[in-house]
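# Coordinate analysis (summary)
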Amino acid sequence: MTTNPTAVPEADAIAANRANWDDRAEVHARSQMYDVDAFLADPTDISTVVRNDLAVLAPHLPEAGIVGRSLLHLQCHIGTDTVSWARLGAVEVHGLDLSPNSLRHAARIAAADGREITWVEGDARFASAVIDRRFETIVTSAGTIVWLPELTAWARSIHDLLEPGGVFAIRDDHPILGAMDFEPWTIGDDYLAGGGTRTYSDSGTYTEDSDGQIAHTTNHEWRHDLGEIVGALLAAGLRIEAVHELPFMDWPAFPELIAAPQGWTLPEGSPRIPLNFAVVARRPAD
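My aim in this report is to walk through the structure given alongside it, one point at a time. Given the structure is predicted, the values throughout are model-derived calculations rather than measurements. (Residues numbered from 1 in each chain as written. Predicted model: local features only at pLDDT ≥ 70, side-chain atom pairs only at ≥ 80, totals over all residues. Heavy atoms only, no water.)

## What to know about the packing of aromatic side chains
Two numbers describe a pair of aromatic rings. These are the distance of the centres and the angle of the planes. This model, assessed by the stated rule, comprises two aromatic pairs. With 5.4 Å between their ring centres and 85° between their planes, W21 and W147 make a pair best called edge-to-face. Of the two residues, W21 sits in helix α1 (residues 10-29) while W147 sits in the loop between β5 (135-141) and α7 (152-161), which places them 126 residues apart along the sequence. Looking at W21, the relative accessible area reads 14%, which means it is buried. Exposure remark for W147: the relative accessible area of 12% places this residue in the buried category. Ring geometry for W154 against F168: centres 5.7 Å apart, planes inclined by 80°, an arrangement best described as edge-to-face. Linking W154 in helix α7 with F168 in strand β6 (residues 162-173), this pair joins segments that are 14 residues apart in sequence. When the ring centre of W21 is taken as origin, the NZ or CZ atom of R24, which lies over that ring, is 4.2 Å away. The ring of F39 has R87 sitting right over it, with the charged end atom 4.0 Å from the ring centre. (Phe/Tyr/Trp six-rings, centres within 6.5 Å; stacked < 30°, edge-to-face > 60°. Helix = DSSP H or I, 4+ residues; strand = E, 2+ residues; numbered from the N terminus. Buried < 20%, exposed > 50% of the residue type's maximum accessible area, 1.4 Å probe, protein only. Lys NZ or Arg CZ within 6 Å of the ring centre and 35° of its normal.)

Written as structure tokens, this is what we have:
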């Protein structure tokens, strides 16, 4: 995998990412990591991602939790997390993703689970332009905003899609990880936002034994530091209720990580750095 900052036309970068995630959807849908067959075989199974998301979100929900609340899942990928929210009792569930092939798998998985979920193809920055309703809850997590060129429109769209009093939660890879090299541990790239596009080629993905399985190998990412994330949500008119930095993440991003109940974490004695962050925000009641 090679990385270099470069100026890529935004439309070209988004198109390349869409093609890459269309390929990834095929690999992920048959991977052991997602284990779709086992997920469908156990209707009580809730993905680890959603269990972690709910732990962040629960203190900001009413006594009944997510049960009976309308929910939009942004950047939903193949839908196992979206279906998990429905299994927990969310209603009128919608999932939005840029990749049509991801949504094809999501629709198949939801149908096999007997779930009526609305799937929407679109860019998360402009979700309010393709979804004509509001939600009590909006969630996004586990490798999402690095694929968005900017967050101003994203935050405004979230505001507009929330019911007054509705709550939004994001939990994602901590942006410091994008700046770090791990062999040895050094700062090797930008942490702060605004440094342009990061373009790299990779024929694999984060699921097991995937090298050489991705035909569209070009990826484009954008750095978003915590200040930019929180600032964009505040500027959109949302009220920040919580900010967390967490010692675990959802995938084995580097070799030192070990399995943990929440996913993956650093072994005892390692540097104490955050692997995830989470922000909970609310649209003020009108």
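Structure's up, so let's keep going.
## Quick notes on unusual backbone geometry
In this structure, E92 is a non-glycine residue whose phi angle is positive, near 50°. Here E92 lies in strand β3 (residues 91-97). Not every positive phi belongs to a glycine, and A142 is a case in point at roughly 65°. Considering the arrangement of structural elements, one finds A142 in the loop between β5 and α7.

## Quick word on the nonpolar core
Grouped together as the largest cluster of nonpolar side chains are 32 residues, with contacts concentrated most on L57, I66, L71, W85, I117 and W119. At the level of elements, α2 (36-41), α3 (48-57), α4 (80-87), α5 (100-112), β6, β11 (239-246) and β15 (276-282) are the ones that each hand at least two residues to this core. The leading source of residues in this core is α5, at four residues. In this structure, L57 is in contact with I66, W85, T137, V139, V167 and A169, ignoring residues within four places of it in sequence. Counting residues in each nonpolar core, the second largest holds 29 residues, with I229, L238, V279 and A281 among its members. (Core = buried A, V, L, I, M, F, W, Y, C linked by side-chain atoms within 4.5 Å. Contact = heavy atoms within 4.5 Å.)

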